[in-house]
Amino acid sequence: MYQRFISFRYLRKRTTALLSIIAVMFGVATLMTVLGIMEGYIERLQEMIRESESHLIIRTAAPQGLCGIEELRENLNALPEVVETAPFLEALAMYRSGKFNPCFLRGLDPDAESRVTSLPKFLIRPQELETILAAGEGLEDLREFKNATSTQALAILDTPERTPVNSEESVELFSREFRKTIFNRYNPNIGSSFSKHNYSAIVVGLQFLTSRNLELGQIVHLLTIKPGSQEVIEGKFIVTGAFKTGDFNVDSKVFLVHNNRMKTLLNAYGGPEGFDECYDGLRISLTDYNLADSPELIDKIHKTIRNSNLDKDSYINHHLRTWRDSKRYFLQAVEIEKWIMGFVVSLLNIFTSCIILLMLVLIVIEKTRDAGILMSLGARPRDILMIFMINGVTISIVGTVLGLIAGTIFLECINPVHDFISSLTGATLFDPEVYLMDKIPTSLEFTTVILSILPAIVFGLLASLVPAIWAARKNPIVAIHNE
Amino acid sequence: MNNTEAKPELILEIKQLTKEYRLNQQSVPVLKGIDLKVYRGEILAILGQSGVGKSTLLNLIGLLDQASSGHIIYKGTNDRFHGKDLCSVNLKEKAVIRNELLGFVFQAYHLLPDLTVRENVLLPAMIRYSGSEFRSRNKSLIEKADHLLERVGLSERREFPPTRLSGGERQRAAIARALFNDPELVLCDEPTGNLDTQTGEKIHQLMQELNETTGASFILVTHDENLAQRAHRQVHMVDGLFA
């Protein structure tokens, strides 16, 4: 008890102790922030993959090589682990907006897709889109327009109160009536030509609109290559809506098109004899995404595929991929980067422990005589050891707790802090084009907290132990007469 | 001490105590076979020139140092250590003896500067009792500390840090601390060495007074003949032996 009392008295009013606590605090907060952001980045990345790619995907090597999937879908949907399946088509294309730009066409069935991916969460309601775009009204400068619309989008779409669009709303975005309304509203001068051209709907990533590459209601000419040939196909579409996944890569490159329109564009009708419709693949949503890693379920799905009336070539060429497979190497790279960064930042804790060590050495030198006096009054060497250990441990613990608080606050406020610094300096520190996400993701798991505080505590203990042992081993007579 | 009327009660018997230091691989004898008896309630002055081994003897009696040979037999009232050779007790027991049976008064006072005067006086009790036991006795211990401080004339300065006290006041606080655990023997190493004559005289008077009221024995190491004259008994050391 008295060891703690004396130890605290030694720390009181000592500037070096305060500086050591601040150093430990910064060490812990930095490590926590790095691990929190990296963990958040990995989690968000995985979440984005699952949300846009579904949990399992059946694909074939050849384009539109999956034919006769109706029975397969029925059988898969009958499995208790499967929530829903949705067929899809894909194509690389070029769109003309001044000049030709590359894009990725993603054909989907809005109703089924809504139950397989997080499409309802991503789709933006027409009213919401109008509000977002209205925020940039009158702003000529592209940067200002982008900032205003992006900020408005975050304010509207990233609130917990917002409900995802329902199935009818998502189907509506691709409907003829809605296309016509949009066409007439945004193209009043050529209103009569809608029936003639029957423009199909495309729902584009929000980045297309906020960067003014495209506009709502704009007629878009798309060029793509017909699969299996070198024939260039042209299609005319109208931008009827937008979506925002938060994945910059998707939001700036993907057009959503109704499967029916993709079929006609790519001439996907007419597969092998007896099979009417062919697709590029089939997305499968599971009751729990962790089941995608279960070998039993994968076996079960393989059996289901085998027992379904699938076209022979489709069966031979198909392969089953989990959500993790689609960006496996990228995820592994980010995971490795997380540990490397964690290790590097842990070195900071060694540095702060050296500060504790130096501070305690100074205290021991200064308080050597006290140690001798205490021994003359009946203190044992282990009591002296305790006094100096408590010094180091107190600094470590107080610094760690403050670091935890500072780290948590910083992780919580990192996006406003980033925006504030960006608005002051004009520099974009977290560029969505580089990091694929429109805001800095963070995650504060129990393991992150433990990994953040462990080096500070362990190194702090070791740093305290050495001077404490040194003090405890002093000869009391020498210590008492120390000047 | 009424040593003329009743047989004095022995509390410490030192037999053939020697101490040698190693210097450049050579043995330097400092104490060459000391025999000494310390009686209850006496003030024993050890006189001698610098370097004759007075402080070394005091450190050995205070168990701060280890004798090369010889015995220090405890004959006091503590049943646990009665009859034991204090030279052969373990480190833990030495700490207990220093805390409960001995008190130290140093020439340079040696108060802890980060503690107040009252906290310094309470230190022996803090070391003696565990946290919960100290808390349960807290009130009585503080009362005892205040009483001691009053006796040494420092009750007005109990909340002061030692750095704000004069030399004489610091030594009085150190004496109060030495007496806190009611030791049987108080070891004083040149207690007036850092003080002017007048203050030194007052300190000596205080020790005499406390010796009479507490009954504790005092061993007083000094080279001041005048102060030593006031002790009950004097022994002179010359070259590691009593003259």
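About the cut-offs
- Residues numbered from 1 in each chain as written.
- Chains lettered and ligands numbered in written order.
- Predicted model: local features only at pLDDT ≥ 70, side-chain atom pairs only at ≥ 80, totals over all residues.
- Heavy atoms only, no water.
- Helix = DSSP H or I, 4+ residues; strand = E, 2+ residues; numbered from the N terminus.
- Rg over C-alpha atoms; globule rule 2.2 N^0.38 Å.
- Buried < 20%, exposed > 50% of the residue type's maximum accessible area, 1.4 Å probe, protein only.
- Contact = heavy atoms within 4.5 Å.
- Areas by Shrake-Rupley, 256 points an atom, 1.4 Å probe, with all protein chains shown as cover.
- Lys, Arg positive; Asp, Glu negative; His and termini not counted.
- Charge placed at Lys NZ, Arg CZ, Asp CG, Glu CD.
- Pairing = 2+ DSSP bridges.
- Axes fitted to C-alpha atoms, helices over the stretch in contact; angles between N-to-C directions.
- Buried area = accessible area lost by both parts, 1.4 Å probe.
- Salt bridge = Lys/Arg side-chain N within 4 Å of Asp/Glu carboxyl O.
- Polar contact = N/O pair within 3.5 Å; in protein donor to acceptor, adjacent residues only side chain to side chain.
- Nonpolar A, V, L, I, M, F, W, Y, C, P; charged D, E, K, R; others polar.
- Domains from an automatic or database assignment.
- Disulfide = S-S within 2.5 Å.
- Patch = residues over 30% accessible without salt bridge, like charges linked within 9 Å, V, L, I, M, F, W, Y side chains within 5 Å.
- Core = buried A, V, L, I, M, F, W, Y, C linked by side-chain atoms within 4.5 Å.
- Parallel < 35°, antiparallel > 145°, perpendicular 65-115°, else oblique.
- Left-handed = near helix turned anticlockwise from the far one by under 90°.
- pLDDT = per-residue confidence, 0-100.

## Some details on the overall build of chain B
Then step 1. Looking only at helices and strands, one finds seven helices and nine strands in chain B.
Then step 2. Its C-alpha atoms give chain B a radius of gyration of 18 Å, within 12% of the compact-globule value 18 Å for 243 residues.
Then step 3. Projecting the C-alpha coordinates of chain B onto the three principal axes gives extents of approximately 50 × 50 × 40 Å.
Then step 4. Counting only residues that meet the buried cut, chain B has 55% of its 243 residues in that class.
Then step 5. Taking as baseline every contact in chain B between residues at least 6 positions apart, the subset at least 24 positions apart corresponds to 73%.
Then step 6. Roughly 11100 Å² of accessible area belongs to chain B as shown, and the carbon and sulfur atoms make up 44% of that amount.
Then step 7. Charge-centre separation for chain B: the mean point of 30 positive side chains lies 4 Å from the mean point of 31 negative side chains.

## Here's the deal with the overall build of chain A
Then step 1. Per the secondary structure count, chain A includes 21 helices and 11 strands.
Then step 2. For 483 residues, the compact-globule estimate of 2.2 N^0.38 gives 23 Å, and chain A exceeds it by more than 25% at 31 Å.
Then step 3. Counting all 483 residues of chain A, 52% fall into the buried class.
Then step 4. Taking contacts inside chain A between residues at least 6 apart in sequence as the whole, the part at least 24 apart equals 80%.
Then step 5. About 22600 Å² of surface is accessible on chain A, with carbon and sulfur atoms providing 59% of the total.
Then step 6. Measuring between centres, the 47 positive side-chain charges of chain A sit 8 Å from its 54 negative side-chain charges.

## Observations concerning the sheet that holds strand β3 (residues 43-47) of chain B
Residue and element names in this part refer to chain B.
Then step 1. Ordered in space as β5-β6-β7-β3-β8-β9, the six strands form an open sheet in which the pairing is mixed. Only two strands of the sheet have a single neighbouring strand rather than two, namely β5 (102-105) and β9 (241-242).
Then step 2. The pairing of strand β8 (residues 233-238) with β9 spans two bridges and is classified as antiparallel. If you follow Val-238 over to β9, its bridge partner there is Leu-241.
Then step 3. Where helix α6 (residues 197-214) meets the sheet, it contacts β3, β6 (185-189) and β7 (217-222), and its direction lies at approximately 160° from that of β7.

## Comments concerning the interface of chain A and chain B
Then step 1. Contact with chain A, which involves 23 residues of that partner, is made by 26 residues of chain B.
Then step 2. Of the roughly 2200 Å² buried where chain A meets chain B, counting both sides, 67% is carbon and sulfur surface.
Then step 3. Linking chain A with chain B are two salt bridges, by the criterion used here.
Then step 4. The closest approach of N and O atoms between Arg-9 of chain A and Glu-119 of chain B, which form a salt bridge, is 2.6 Å.
Then step 5. Across the contact surface, chain A and chain B share seven residue pairs in polar contact (both at pLDDT 80 or more).
Then step 6. Within the residue set of the side of chain A that touches chain B, elements represented by two or more residues are α1 (2-11), α17 (368-376) and α21 (476-480) of chain A.
Then step 7. Counting residues per element, the side of chain A that touches chain B draws most heavily on α17 of chain A, at six residues.
Then step 8. Residue composition of the side of chain A that touches chain B, grouped by class: 13 nonpolar, three polar and seven charged.

## Overview of the domain arrangement of chain A
Buried accessible area, meaning the area lost when the parts come together, often serves as the stated size of an interface.
Then step 1. For chain A, the domain assignment lists domain 1 (2-45 + 330-480) and domain 2 (55-123 + 164-322).
Then step 2. Computed over C-alpha atoms only, the centres of domain 1 of chain A and domain 2 of chain A are separated by 51 Å.

## Regarding the environment of Tyr-95 of chain A
Residue and element names in this part refer to chain A.
Then step 1. By secondary structure assignment, the location of Tyr-95 is in strand β3 (residues 82-97).
Then step 2. Of the residues examined, Tyr-95 reaches a relative accessible area of 2% and is grouped as buried.
Then step 3. Sequence separation between Tyr-95 and Leu-444 is 349 residues; the distance between their C-alpha atoms is 42 Å.
Then step 4. Sequence-distant contacts of Tyr-95, that is, excluding residues within four places in its chain, are made with Phe-100, Asn-101, Pro-102, Cys-103, Phe-208, Asn-213, Leu-214, Val-220, His-221, Leu-222 and Phe-255.

## What to know about the state of the cysteines
All names here are of chain A.
Then step 1. Summed over the entire model, instances satisfying the criterion amount to one disulfide over all chains.
Then step 2. Between the sulfur atoms of Cys-67 and its disulfide partner Cys-278 the distance amounts to 2.0 Å. Here the disulfide of Cys-67 and Cys-278 is right-handed, its torsion about the S-S bond being about 110°. Pair noted here: Cys-67 is in strand β2 (residues 66-67) and Cys-278 is in strand β9 (residues 278-279), with a separation of 211 residues, a long-range link.

## Some words on the environment of Leu-216 of chain A
All names here are of chain A.
Then step 1. Within the secondary structure layout, Leu-216 lies in the loop between α11 (206-210) and β6 (219-225).
Then step 2. Overall, the relative accessible area of 10% leaves Leu-216 in the buried class.
Then step 3. When the C-alpha atoms of Leu-216 and Ile-387 are compared, they prove to be 71 Å apart, with 171 residues separating the residues in sequence.
Then step 4. Sequence-distant contacts of Leu-216, defined by excluding residues within four places in its chain, comprise Leu-129, Leu-133, Tyr-186, Leu-209, Val-239, Thr-240 and Gly-241.

## What about the side chain of Thr-192 of chain B?
Then step 1. Its location among the elements puts Thr-192 of chain B in the loop between β6 and α6.
Then step 2. Excluding anything up to four places from it in sequence, Thr-192 of chain B contacts Gly-200, Ile-203 and Leu-227 of chain B.

## What to know about a nonpolar patch on the surface
Then step 1. A contiguous nonpolar surface patch, about 700 Å² in accessible area, is contributed by Phe-446, Ile-450, Leu-454, Val-458, Leu-462, Leu-465, Val-466 and Ile-469 of chain A.
Then step 2. With respect to the helices and strands, Leu-465 of chain A occurs in helix α20 (residues 446-472).

## Here we look at the pairing of β3 of chain A
All names here are of chain A.
Then step 1. Bridging between β3 and strand β10 (residues 281-286) involves six bridges; their strand directions are antiparallel. Within β10, the residue paired with Phe-88 across the bridge is Gly-281.
Then step 2. Taking the residues that link successive antiparallel strands as the turn, the β3-strand β4 (residues 99-108) hairpin has one residue, and the phi of Gly-98 there is positive, at about 80°.
Then step 3. Judged from the four bridges that link them, β3 and β6 form a sheet pairing that is antiparallel. Bridged to Ala-93 within β6 is Thr-224.

## Some words on the nonpolar core
Then step 1. Ranked by internal contacts, the top residues of the largest apolar core, which has 73 residues, are Leu-374, Ile-384 and Phe-388 of chain A.
Then step 2. Core analysis: the next-biggest nonpolar cluster, separate from the first, contains 68 residues, Val-82, Phe-255, Trp-323 and Ile-440 of chain A among them.

## Here's the deal with the packing of helix α3 (residues 117-128) of chain B against helix α4 (residues 131-151) of chain B
Residues and elements named next belong to chain B.
Then step 1. Running from N to C, α3 and α4 point in directions that differ by 130°, and their axes come no closer than 10 Å. Judged on the interaxial angle alone, α4 and α3 are oblique. Seen from above, α3 lies across α4 with right-handed handedness. Contacts between α3 and α4 pair Val-117, Arg-118, Val-121, Leu-122, Ala-125 and Met-126 from the former with Phe-134, Leu-141, Ile-142, Ala-145, Asp-146 and Leu-149 from the latter.

## Notes on the confidence of the model for chain A
Then step 1. Scored by pLDDT, chain A comes out at a mean of 85, with 95% of its residues at no less than 70.
Then step 2. Mean pLDDT per element in chain A: helix α19 (residues 432-435) of chain A is the minimum at 64, and strand β8 (residues 254-258) of chain A is the maximum at 93.

## Overview of unusual backbone geometry
Then step 1. Look at Ser-54 of chain A: it is not a glycine, yet its phi comes out positive at around 70°.
Then step 2. With phi around 60°, Leu-63 of chain B is a residue other than glycine that occupies positive phi space.
Then step 3. With respect to the helices and strands, the residue Leu-63 of chain B is situated in the loop between α1 (54-61) and β4 (69-74).
Then step 4. Accessibility expressed as a relative area gives 5% for Leu-63 of chain B, which makes it buried.

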